[in-house]
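Next come the chains, spelled out residue by residue.
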Amino acid sequence: MDVQGLENEAESAIAGASSLAELDDARVRYLGRKSALKQALREVRDAESGRVLNTLREQLEQAVAEREAALSGADLERRLSEEQVDVTLPGQAIPRGHLHLVTQVRRQVEDVFLGLGYRVVDGREVETTHYNFDALNLPTTHPARSHLQSLFLNDDVVLRTETSPSQIHVMEEGDPPVYMISIGRVYRRETPDATHSPVFHQVEGLAVDRGITMADLKGTLLHLMRALFGPEREMRFRTHYFPFTEPSLEPDVSCFLCSGQGCAVCRWSGWIELGGSGMVDPNVLEFVGYDPEEWTGFAFGIGLERIAMLRHGLPEIGPLWQNDLRLLRQF
Ligand code: FA5
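What this report covers is the structure whose coordinates are included nearby. Just so it is clear, the model here is predicted, and its values are computed rather than measured.

## So, the overall build of the protein
A tally of helices and strands in the protein yields 12 helices and 11 strands. Here the C-alpha atoms of the protein give a radius of gyration of 42 Å, more than 25% beyond the 20 Å that 2.2 N^0.38 yields for 331 residues. Each of the 331 residues in the protein was classed as buried or not, and the buried ones make up 43%. Approximately 18500 Å² of the protein is accessible, and the part contributed by carbon and sulfur atoms is 51%. Averaging the positions of the 33 positive and the 50 negative side-chain charges in the protein gives two centres separated by 5 Å.

## What about the packing of helix H1 (residues 3-16) against helix H4 (residues 47-82)?
At a minimum axis separation of 10 Å, H1 and H4 run at an interaxial angle of 10°. As judged from the angle between their axes, H1 and H4 are roughly parallel. Contacts between H1 and H4 pair Val 3, Leu 6, Glu 7, Ala 10, Glu 11, Ile 14 and Ala 15 from the former with Val 52, Leu 53, Leu 56, Gln 59, Leu 60, Ala 63, Val 64 and Arg 67 from the latter. Classifying every residue of the contact of H1 with H4 gives 11 nonpolar, one polar and three charged.

## Some words on unusual backbone geometry
For the bond running from Pro 176 to Pro 177, omega is 0°, close enough to zero to count as cis. Checked against the element boundaries, Pro 177 lands in the loop between helix H7 (165-173) and strand S5 (178-187). Following Glu 246, the chain continues to Pro 247 via a peptide bond in cis, the omega torsion being -5°. Along the chain, the position of Pro 247 falls in strand S8 (residues 245-254). Phi at Trp 268 takes a positive value of approximately 65°, unusual for a residue other than glycine. Its place among the elements puts Trp 268 in the loop between S8 and strand S9 (271-273). Overall, the relative accessible area of 64% leaves Trp 268 in the exposed class. Of note in this structure, Asn 323 is not a glycine but carries a positive phi near 50°.

## Quick word on helix H8 (residues 214-229)
Here H8 contains 16 residues, and its C-alpha end-to-end distance of 22 Å stays within 8% of the 22 Å for a straight helix at 1.5 Å per residue. Taken residue by residue, H8 has Leu 217, Thr 220, Leu 221, Leu 222, Leu 224, Met 225, Leu 228 and Phe 229 as its buried positions. The elements touched by buried residues of H8 are helix H5 (101-115), strand S7 (235-242), S8, strand S10 (275-280), strand S11 (296-303) and helix H10 (304-312). Its side-chain oxygen at 3.2 Å from the backbone nitrogen of Ala 215, Thr 213 defines the N-terminal cap of H8. Gly 230 sits one or two positions beyond H8 and adopts a positive phi of about 115°.

## Notes on the layout of surface pockets
Roughly 840 Å³ of volume is contained in the largest pocket. Within the residue set of the lining of the largest pocket, elements represented by two or more residues are strand S6 (199-209), S7, S8, S10, S11 and H10. The element best represented in the lining of the largest pocket is S11, accounting for five residues. Class assignment for the residues of the lining of the largest pocket results in 11 nonpolar, 18 polar and nine charged. The space that makes up the second largest pocket amounts to roughly 460 Å³. As for the second largest pocket, its lining consists of 17 residues, and the residues nearest its centre are Thr 195, Val 265, Arg 267, Ile 272 and Leu 310. Put simply, the parts of the chain that give the lining of the second largest pocket at least two residues each are S9 and H10.

## Thoughts on the site of the ligand
Not every one of the 25 residues close to the ligand is listed here, only the nearest: Glu 162, Arg 188, Glu 190, Ser 197 and Gln 202. In this structure, Gly 303 approaches the ligand through a main-chain N or O atom, which is 3.3 Å from an oxygen atom. Alone, the ligand offers 670 Å² of accessible surface; in the complex the protein occludes 93% of this. Spatially, the ligand is embedded in the largest pocket. Of all elements in the fold, only S6, S10 and S11 reach the threshold of two or more residues within the shell around the ligand. Ranked by residue count, the leading element in the shell around the ligand is S11, at four residues. Among the residues making up the shell around the ligand, the classes are represented as seven nonpolar, 12 polar and six charged.

## With respect to the nonpolar core
Ranked by internal contacts, the top residues of the largest apolar core, which has 43 residues, are Val 109, Leu 224, Phe 229, Ile 302 and Leu 320. Mapped by element, the contributors of at least two residues to this core are H5, S5, S6, H8, S8, S11, H10 and helix H12 (325-328). Sorting elements by how many residues they give to this core places H8 first, with seven residues. Counting 25 residues, the second-largest nonpolar core is a separate cluster that includes Val 121, Met 180, Val 208 and Trp 295.

Thresholds, definitions, all that
Residues numbered from 1 in each chain as written. Predicted model: local features only at pLDDT ≥ 70, side-chain atom pairs only at ≥ 80, totals over all residues. Heavy atoms only, no water. Helix = DSSP H or I, 4+ residues; strand = E, 2+ residues; numbered from the N terminus. Rg over C-alpha atoms; globule rule 2.2 N^0.38 Å. Buried < 20%, exposed > 50% of the residue type's maximum accessible area, 1.4 Å probe, protein only. Areas by Shrake-Rupley, 256 points an atom, 1.4 Å probe, with all protein chains shown as cover. Lys, Arg positive; Asp, Glu negative; His and termini not counted. Charge placed at Lys NZ, Arg CZ, Asp CG, Glu CD. Axes fitted to C-alpha atoms, helices over the stretch in contact; angles between N-to-C directions. Parallel < 35°, antiparallel > 145°, perpendicular 65-115°, else oblique. Contact = heavy atoms within 4.5 Å. Nonpolar A, V, L, I, M, F, W, Y, C, P; charged D, E, K, R; others polar. Expected span 1.5 Å × (residues − 1). Polar contact = N/O pair within 3.5 Å; in protein donor to acceptor, adjacent residues only side chain to side chain. 1 Å grid on protein atoms, 1.4 Å probe; cavity = no way out; pocket = protein on both sides within 12 Å on 5 of 7 lines; lining within 4 Å. Points joined across faces, edges and corners; volume = space filled by probe spheres on them. Near = heavy atom within 4 Å. Sits in = over half its atoms within 2 Å of the grid points. Core = buried A, V, L, I, M, F, W, Y, C linked by side-chain atoms within 4.5 Å.

What follows is the structure, encoded as structure tokens:
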């Protein structure tokens, strides 16, 4: 056996191994069970050859160990430099959602009335015709009772067309005085357009106490408008008709964009209509067993989408219901 040749070949293979895997290949090839060296060691017959071969084996084992130590160090160095983390780099921001614009308006309205000592009550989206129409003094001929205007589940059950039925539930469930608001979805069989949606939100307010007058209604709505649209807002009331209030009024707020000078948002009138309101009709008080001689009250109903659109100059109601993130992300 050419011991010198084997030694040269093995040492250069070990020294030339550039990775731990290559070094392992060389170790198997020159020191493994089937290697020429191990084969020769098994067949050795004299002491001298045994000594020479064992010396070579020890020498190669030593060379493998040294190369392994060097390669592991280099490997560690490489990994340390490749995998290093720059802790000074800014982190990757995880996108965060936020409340929908209508929810923001809802919470703001709730805050205003909680601050005035009102209760916030839940209403029912599915109502009987008794609560949605009869108890609100709607005559049998009123167009809202028609299947063309409202969404009926059967002859006696309807998706509420306004939040006003919640007034009746609250008054039936307890004695006056009452100070409450109720916010939720209402449904109308309506063709969608820029300012009308078949589903929208209303806030209903009701105050019943001794000696409540229209001045209380006006002052309360003025307070709400100023909280929503800024401290300079002025209000005016136009007479109107609602079956459950007498007298009935539609509150207008001075345009928040032009402050009454006239612009496209207020259609050059300087005023913007917000909802309906009035003094609770004595018939409605009697329906729920309140004595109209002793108690008076006011009520109002305002569209939340309307508030959001007016406050932010949105030309259309549709995107508020379409979850259009390009719009919603702006608020
Ligand atoms: C009512 O619904 C009455 N219940 C309000 C009321 C309550 C009067 C208590 C007196 C006492 P009206 O139908 O006008 O009134 O609706 C009130 C507001 O809801 C409107 O001014 C508008 O802001 C909003 N609104 C009405 N219809 C739609 C619609 N299709 N889409 C979006 N908002 C609407």
